[in-house]
Amino acid sequence: MSSSSSSHYYLAYKCLIFIFLAIYFLPSHAAVKNYQFDIEVKNVSRLCHAKPIVTVNGMYPGPTIYAREGDRVMINVTNHAQYNMSIHWHGLKQYRNGWADGPAYITQCPIQTGNSYTYDFNVTGQRGTLWWHAHISWLRATVYGAIVIMPKEGTPYPFPQPHMEANIILGEWWNGDVETIVKQGDQLGIPPNMSDAHTINGKPGPLFPCSEKHTYALEVEQGKTYLLRIINAALNDELFIGIAGHTMTVVEIDAVYVKPFTTKTILIAPGQTTNVLVRADQIPNRYFMATRTFMDVPIPVDNKTATAIFQYKGIPNSVIPSFPQLPAPNDTLFALSYNRKLRSLNTPQFPAKVPLKVDRKLFFTIGLGANPCATCLNGTRFTASLNNITFVMPKTALLQAHYFNMSGVFHADFPDKPPTAFNYTGAPLTANLRTSLTTRPRLSKIAFNSTVELVLQDTNLLSVESHPFHLHGYNFFVVGTGVGNFDTLRDPAKFNLIDPPERNTVGVPTGGWTAIRFRADNPGVWFMHCHLELHTGWGLKVAFEVENGPGPEYSILPPPKDLPPC
Ligand code: C2O
């Protein structure tokens, strides 16, 4: 009897030691972060207009998601609005887990009014600034927010620790109801009305009517350094941003560290993020932070300037701030030289794993066009295509169709190159290259773990224009870019395969090309599209069907039980 009780003690003692050891050796950073997102309609006023907008938890911009590298994040989204909803976690890789990616009808059916869905994902191998936004219709106009991923506990930034951090989210504001404006544009076959303001953290700043009190101010202390997490959540505008009298040091783009460089102006395309360090090293004063469109095509430029204030502590609000000098709205040279400065950090701790051997070469042409339309304003409807294919939206989510082997939802026959080669960036081509007329979306099928090189070539169909392309499910390396037609013989020799920028959204220059490489190690159906909402809506999009790898560890996870039905 006594021996059995002593063995109990011994067991309990062993258990305790085991628990202590387990706690000690458990990765201290692993945690579950829970969020509740209530999609609600709220009255918000800007520019002397009040209107109901769709929000998350009544906030505009929405709440910031904070996580640490290694965390599991669970976000329960409950839809109380009259619109169908889905949310995308832009830049999160979602390894084997497209179920949590969010684009409506690509990886999930939308969350209908009154329903909920929990986005459940791990944050693996990523740290930095990303963002989330609605991924259905144009609802992301008001439904967006920041994602801040801190490095693992005890891992410092590879740059001086800032005194403080702040999110700077650039957006657009319409005085009217955005969904109505988009519907009108669609019916008439023309672009919907331009936004009425640009915004910084939801606020346009004092250069717009009734906006004095809708101005974001960041209070700073002289001599201290600040980390600004800049996000371009605008729907249709590439933006410059600068702070009067101050320089910025770029340290990260799209949640990947870069070799630091200083600049007076940042250029950022919709979908992209840029982290900069700013030292408050000027005479204490009030300085404008200003953002304005970059557009180097002679079409009506959206030339509105949103401002915020970089305000030194103790300076009264009555002081009129000085204004930064931004490049001219059509400064192509600035854009090209700025983008050339972006290089991966590429250290042993943060290596740039650029695929050196390519298994699959893709060449996609970007085209705008006008199709005949009897009921439209000009007798034509604007359209857009990749390799002459205007993507058709399905009625069933593609990931489900892929996972459950449903036939009749899509074709996996998207061509690796355009049907005919032509002088892509030569004289303007007004003739409509007849876009293919399928009723089902066409996907590009990719073998698991193959290395892909994709050249995105802008064309002068209707007009050249710069297009920020975003790939879901992956980061890619931007190995090359240039103006004019991609030269298969000469250009690859100039690729940067050492420290190219690694990102999830890249601008294809106006009348030029961009080459990206990635390893297709993430099975699933992954959307790729122009992040100008206008062009996405016109069909400038495609999806990759990446096959499963060998065995369940390299295959898509089973779908969650609460996945919304169509
Ligand atoms: Cu930020 Cu498919 O989008």
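The rules we used
- Residues numbered from 1 in each chain as written.
- Predicted model: local features only at pLDDT ≥ 70, side-chain atom pairs only at ≥ 80, totals over all residues.
- Heavy atoms only, no water.
- Disulfide = S-S within 2.5 Å.
- Helix = DSSP H or I, 4+ residues; strand = E, 2+ residues; numbered from the N terminus.
- Pairing = 2+ DSSP bridges.
- Axes fitted to C-alpha atoms, helices over the stretch in contact; angles between N-to-C directions.
- Buried < 20%, exposed > 50% of the residue type's maximum accessible area, 1.4 Å probe, protein only.
- Arc of directions from axis to C-beta.
- Contact = heavy atoms within 4.5 Å.

Undergrad: What should I look at first to understand the state of the cysteines in this one?
TA: Disulfides are covalent bonds that connect the sulfur atoms of two cysteines. Considering all chains together, one arrives at 3 disulfides under this definition. The disulfide partner of Cys48 is Cys210, and the gap between their sulfur atoms is 2.0 Å. Around the S-S axis, the bridge from Cys48 to Cys210 shows a dihedral of about 100 degrees and counts as right-handed. Of this pair, Cys48 sits in the loop between strand 1 (32-46) and strand 2 (49-56) while Cys210 sits in the loop between strand 10 (197-200) and strand 11 (217-220); the two residues are 162 residues apart in sequence, bridging distant segments of the chain. Disulfide partner of Cys109: Cys566, at an S-S distance of 1.8 Å. Given an S-S torsion of about -90 degrees, the disulfide between Cys109 and Cys566 has left-handed geometry. Here Cys109 is found in the loop between strand 5 (87-90) and strand 6 (116-122), whereas its partner Cys566 is found in the segment after strand 30 (541-546), with 457 residues between them in sequence.

Undergrad: Explanation requested: the sheet that holds strand 18 (residues 286-294) in the structure shown.
TA: Backbone-to-backbone hydrogen bonds pair the strands of a sheet. The strands run either parallel or antiparallel. The strand order across the open sheet built from 5 strands is 11-19-18-13-16, with neighbouring strands paired in mixed fashion. Each edge of the open sheet carries a strand with a single partner, namely strand 11 and strand 16 (265-268). With strand direction ignored, the average angle separating the axes of adjacent strands in the sheet is 20 degrees. In this structure, strand 13 (residues 238-243) lies alongside strand 16, joined through 4 bridges in antiparallel fashion.

Undergrad: How should I be thinking about helix 3 (residues 332-340) in this particular structure?
TA: For the α-helix, the turn length of 3.6 residues means that residues three or four positions removed from each other point alike. Among the residues of helix 3, Phe334, Ala335 and Tyr338 are the ones counted as buried. For helix 3, the arc enclosing every buried residue in end-on projection is 100 degrees, short of the 170-degree limit, so these residues lie on one face. Looking at helix 3, the residues exposed on the side facing more than 90 degrees away from the buried face are Leu333 and Arg340. Here the buried face of helix 3 lies against strand 13, strand 14 (248-253), strand 15 (256-263), strand 16, strand 17 (273-279) and strand 18.

Undergrad: Can you help me understand the sheet that holds strand 4 (residues 72-79) in this one?
TA: Across the sheet, which stays open at both edges, the 4 strands sit in the order 2-1-4-6 with mixed pairing between neighbours. Two strands in the sheet have a free side with no partner beyond their single neighbour: strand 2 and strand 6. Averaged over all pairs of adjacent strands, the angle between strand axes in this sheet comes to 20 degrees, irrespective of strand direction. Strand direction decides the pairing type here: strand 1 and strand 2, joined by 8 bridges, are antiparallel.

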